[in-house]
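Below are the chains, spelled out letter by letter.
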Amino acid sequence: MQAISPSTPNNLKYLLGTRPSTNRVAPNRITVQCGYGLDSANFHTSVGSSRADWQSSCAILASKVVSQDQSSIDTTGSGANHVAAVNGHKTSITDLSIVPIGNSGGDNNRQLQPKPLTISDLSPSPMHGSPLRVAYQGAPGAYSEAAAGKAYPNCEAIPCDQFEVAFQAVELWISDRAVLPVENSLGGSIHRNYDLLLRHRLHIVGEVQLPVHHCLLALPGVRKEYLNRVISHPQALSQCEHTLTKLGLKVAREAVDDTAGAAEFVATKNLRDTAAIASARAAELYGLQVLADGIQDDPNNVTRFVMLAREPIIPRTDRPFKTSIVFAHDKGMSVLFKVLSAFAFRDISLTKIESRPHRNRPIRLVDDANVGTAKHFEYMFYVDFEASMAEVRAQNALAEVQEFTSFLRVLGSYPMDMTPWSPSSCSSADLH
Ligand SMILES: O=C(O)C(=O)C[C@]1(C(=O)O)C=C[C@@H](O)C=C1
C-alpha cells in the first residue's frame, strides 16, 4: 500500500511508502494521508498487517470516544488507565462489529460475546502484559527506534513517517508513548518538535540521551569513487558535514525524512551511485555494507529525546527531575530578564532556552511616522530547568514567571537522564 504524505518535500518519501515485498524491507510505518487524522485504512505497523490487527486497531480508535472523559493520572508510567477501554468492555453495540476476531477458532458464538472482567484486567501491568507501544518517527533502524528501546526496553516500537503522526498515534490510543528527538549536540534543536509540543496536548514524561554513531552505507561492492550522492536526515547530514569533505567525497547531499529510510531507499532502488548516512543496525536490516564507520564530526555526538504520554507523571523529589515550560510575554521592559531571574534567585539551573516565532502572531507591524513601518517577531520561549514541580522553589519560581507572562504551560516534570556519559566508540571515520 502506498503512503501519501502531503508534506513530503520531494517524492522520495512517497517512494519509500511503496515497499516491495522483499525480506530486507522492514514493517511499514504509520502514515498520514491528509494532514490530520491517521489514515486507518492504510496504516500498517510492526504489530502486523492482518485483518485482525486492522480490526483491533479500529477497536482502539473507537474506544477512544468512550475513554475520552476518563481523566485518571498514570502514576505507574504504564499506560494502564486505558486498559478497560481498549478491552472492549465499554463499547456500544455498534462497536461490537469491530471487536477483534480471535484466532483460536471453534466456538464463534463465544467470540462475539464481550469477555467478562477478570482480576487480571484490574491489575496495573501495562496492557495486560503486552509490551508498551512506543511511536517514533522513521523506519526501523532509525536512531529514534534505538532511543525508544533505551527509554522503554522490551517495548513494541511503532514506526511513523512524520513527527506529527507519532503525536497523533498517542493521542488516538494507537500507541502508549512517543519518543521524539528535540536537540542534538552538533546540529542543535529540532524545531519542528518544539512547535508540535505546543500544538498537541501530550506531556513530557521522561528524557533519554542517545550517542549517535553514523556510518556511510552503500550497496555491497560499491566503492566510494562510484558515489555522486549521499542521502540522509538533514540532522545526520549536518552532523557529518566536515567528515564527508575530509573523506574526499565529491557528492551532492540530499535530505530525506530519516536515516534508516535513506538506507532502505538505497537498498530497494538498487542505487549504486548513492550512499546513505545511517546506523550500523540499518546496514544490517537493509543488507548494505558499511563504507565508513564513525563519520560524525564529533565522537561525542549525542541526541536528546523526550518521551511523551497522554497523562503527566506525578513529580517527585527523591531523584533529580527536570521541568520543561513554554511561555510568551506581552510587551514590557526586560521581561525575559525578569523571567529568568525568577529561576536564578532560587538557584535553579536552566539547561535549555529556545525561542520560536509565535505562530498565531508572527509579525507585528508598527507604524512609525519617521521611519516607516518596522517589523518584529513575537516569540514563544521554551525553557528547561533542573527542578521538580514537587519542589516549593519551582512552584514559587513559576508563580513569579506567571506574573510577567501572557501564556505559560508546563510541558512536563520528569526524571533527568542520568546515564553516565559514554562517547561513541570511534573518534574519527574508519574507511572500509
Ligand atoms: O533519522 C533518524 O534516524 C532519526 O531518528 C532522526 C534524528 C533527528 O531527528 O535528529 C535522530 C537522531 C540523529 O540526530 C539524526 C536524526
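Everything discussed here concerns the structure shown above.
Not measured: the values here are computed from a predicted model.

A. Local environment of the overall build of the chain. Along the chain, the regular secondary structure elements total 14 helices and 18 strands. Counting over 432 residues, the chain shows a buried share of 49%. Taking as baseline every contact in the chain between residues at least 6 positions apart, the subset at least 24 positions apart corresponds to 77%. Total accessible area on the chain is roughly 20,400 Å²; 55% of this is exposed by carbon and sulfur atoms.

B. Fine view of the site of the ligand. For the ligand, the set of nearby residues contains 13 residues, the closest of which are Tyr143, Ser144, Gln239, Thr259 and Thr303. Taking tyrosine 143, its main chain carries an N or O atom lying 2.9 Å from an oxygen atom of the ligand. Between an oxygen atom of the ligand and a side-chain N or O atom of glutamine 239, the distance comes to 3.0 Å. Looking at the shell around the ligand, the elements with two or more residues in it are helix H6 (143-151), strand E3 (177-184), helix H9 (234-239) and strand E11 (302-309). Residues belonging to the shell around the ligand are distributed by class as follows: 5 nonpolar, 7 polar and 1 charged.

C. Inspection of unusual backbone geometry at higher detail. Phi at tryptophan 173 is positive, roughly 65°, even though this residue is not glycine. Structurally, tryptophan 173 can be placed in the loop between helix H7 (163-171) and E3. For tryptophan 173, a relative accessible area of 10% corresponds to the buried category. Phi angles above zero are rare outside glycine, and asparagine 270 is one such case at about 55°. Assignment of secondary structure puts asparagine 270 in the loop between helix H11 (259-268) and strand E9 (274-278). For asparagine 270, a relative accessible area of 51% translates into the label exposed.

D. Broad picture of the nonpolar core. In this structure, Tyr152, Val179 and Leu308 are the most contacted members of the largest nonpolar core, which totals 44 residues. If one sorts the elements of this core by residue count, H7 sits on top with 6 residues. Setting aside anything within four residues of it in sequence, one finds valine 179 in contact with Val134, Ala135, Tyr136, Ser144, Ala147, Ala148, Ala151, Tyr152, Phe305, Val306 and Met307.

E. Just the sheet that holds strand E13 (residues 350-357), in detail. Here 4 strands make up an open sheet; going across it, the order is E13-E16-E12-E17 and the pairing antiparallel. The sheet terminates laterally at E13 and strand E17 (407-415), the two strands that pair on one side only. Going across the sheet, the axis of each strand differs from the next one's by a mean of 15°, ignoring polarity. The strands that helix H13 (residues 335-344) touches are strand E12 (321-328), E13 and strand E16 (379-385); relative to E13, the one it contacts most, it runs at about 155°.

F. Structural context of the packing of H7 against helix H8 (residues 191-199). As a packed pair, H7 and H8 sit with axes 10 Å apart at the nearest point and diverge in direction by 30°. The angle between H7 and H8 places the two elements in the roughly parallel class. H7 and H8 meet at a crossing whose hand is right-handed. Facing Phe163, Glu164 and Phe167 of H7, the residues of H8 in contact are Arg192, Asn193, Leu196, Leu197 and Arg199. The residue inventory of the contact of H7 with H8, partitioned by class, reads 4 nonpolar, 1 polar and 3 charged.

G. Spatial organisation of the environment of methionine 389. Considering the arrangement of structural elements, one finds methionine 389 in the loop between E16 and helix H14 (392-404). Separated by 120 residues in the primary sequence, methionine 389 and lysine 269 place their C-alpha atoms 50 Å from one another.

H. Focus on the environment of valine 256. Turning to its location among the elements, valine 256 is positioned in the loop between strand E8 (252-255) and H11. Judged by its relative accessible area of 6%, valine 256 falls in the buried class. Through-space distance from the C-alpha of valine 256 to that of methionine 333 is 43 Å; in sequence the pair is 77 residues apart.

I. Molecular detail of the packing of aromatic side chains. Per the stated rule, a full pass over the model turns up 4 aromatic pairs. Their ring planes at 75° and their centres at 5.0 Å tell us that tyrosine 194 and tyrosine 382 sit as a pair that is edge-to-face. In this pair, tyrosine 194 is assigned in helix H8 and tyrosine 382 in strand E16, connecting sequence segments 188 residues apart. Seen from their ring centres, phenylalanine 327 and phenylalanine 381 are 5.5 Å apart, and the 25° between their planes marks the pair as stacked. Taken together, the residues span a long stretch of sequence, with phenylalanine 327 in strand E12 and phenylalanine 381 in strand E16 at a distance of 54 residues. The class for phenylalanine 327 is buried, based on a relative accessible area of 0%. Three or more aromatic residues link up through ring pairs in this structure, and these residues are Phe327, Tyr379 and Phe381. When the ring centre of tryptophan 173 is taken as reference, the NZ or CZ atom of arginine 310 above it lies at 3.7 Å.

J. Layout of the pattern of salt bridges. Going through the model one piece at a time under the given rule, you end up with 18 salt bridges. Here glutamate 164 makes a salt bridge to arginine 192, at a shortest N to O gap of 3.4 Å. Note that glutamate 164 is positioned in helix H7 and arginine 192 in helix H8, a separation of 28 residues in sequence. Under the relative-accessibility criterion, arginine 192 is labelled partly exposed at 37%. For glutamate 225, the salt bridge identified is with arginine 223, shortest N-O distance 3.0 Å. Glutamate 225 sits in the exposed class, given a relative accessible area of 53%.

K. Layout of the side chain of histidine 200. Along the chain, histidine 200 falls in the loop between H8 and strand E5 (203-211). A distance of 2.8 Å separates a polar atom in the side chain of histidine 200 from a polar atom in the side chain of glutamate 171. Sequence-distant contacts of histidine 200, defined by excluding residues within four places in its chain, comprise Glu164, Phe167, Gln168, Glu171 and Arg409.

L. Just the packing of H13 against H14, in detail. Interhelical geometry of H13 versus H14 gives an angle of 170° and a closest axis separation of 8 Å. By the angle class used here, H13 and H14 are roughly antiparallel. Along the contact surface, H13 presents Val335, Lys338, Val339, Ala342 and Phe343, while H14 presents Ala397, Leu398, Glu400, Val401 and Phe404.

Parameters and conventions
- Residues numbered from 1 in each chain as written.
- Predicted model: local features only at pLDDT ≥ 70, side-chain atom pairs only at ≥ 80, totals over all residues.
- Heavy atoms only, no water.
- Helix = DSSP H or I, 4+ residues; strand = E, 2+ residues; numbered from the N terminus.
- Buried < 20%, exposed > 50% of the residue type's maximum accessible area, 1.4 Å probe, protein only.
- Contact = heavy atoms within 4.5 Å.
- Areas by Shrake-Rupley, 256 points an atom, 1.4 Å probe, with all protein chains shown as cover.
- Near = heavy atom within 4 Å.
- Polar contact = N/O pair within 3.5 Å; in protein donor to acceptor, adjacent residues only side chain to side chain.
- Nonpolar A, V, L, I, M, F, W, Y, C, P; charged D, E, K, R; others polar.
- Core = buried A, V, L, I, M, F, W, Y, C linked by side-chain atoms within 4.5 Å.
- Pairing = 2+ DSSP bridges.
- Axes fitted to C-alpha atoms, helices over the stretch in contact; angles between N-to-C directions.
- Parallel < 35°, antiparallel > 145°, perpendicular 65-115°, else oblique.
- Left-handed = near helix turned anticlockwise from the far one by under 90°.
- Phe/Tyr/Trp six-rings, centres within 6.5 Å; stacked < 30°, edge-to-face > 60°.
- Lys NZ or Arg CZ within 6 Å of the ring centre and 35° of its normal.
- Salt bridge = Lys/Arg side-chain N within 4 Å of Asp/Glu carboxyl O.

Without other data, these values stay purely geometric and don't point to any function.
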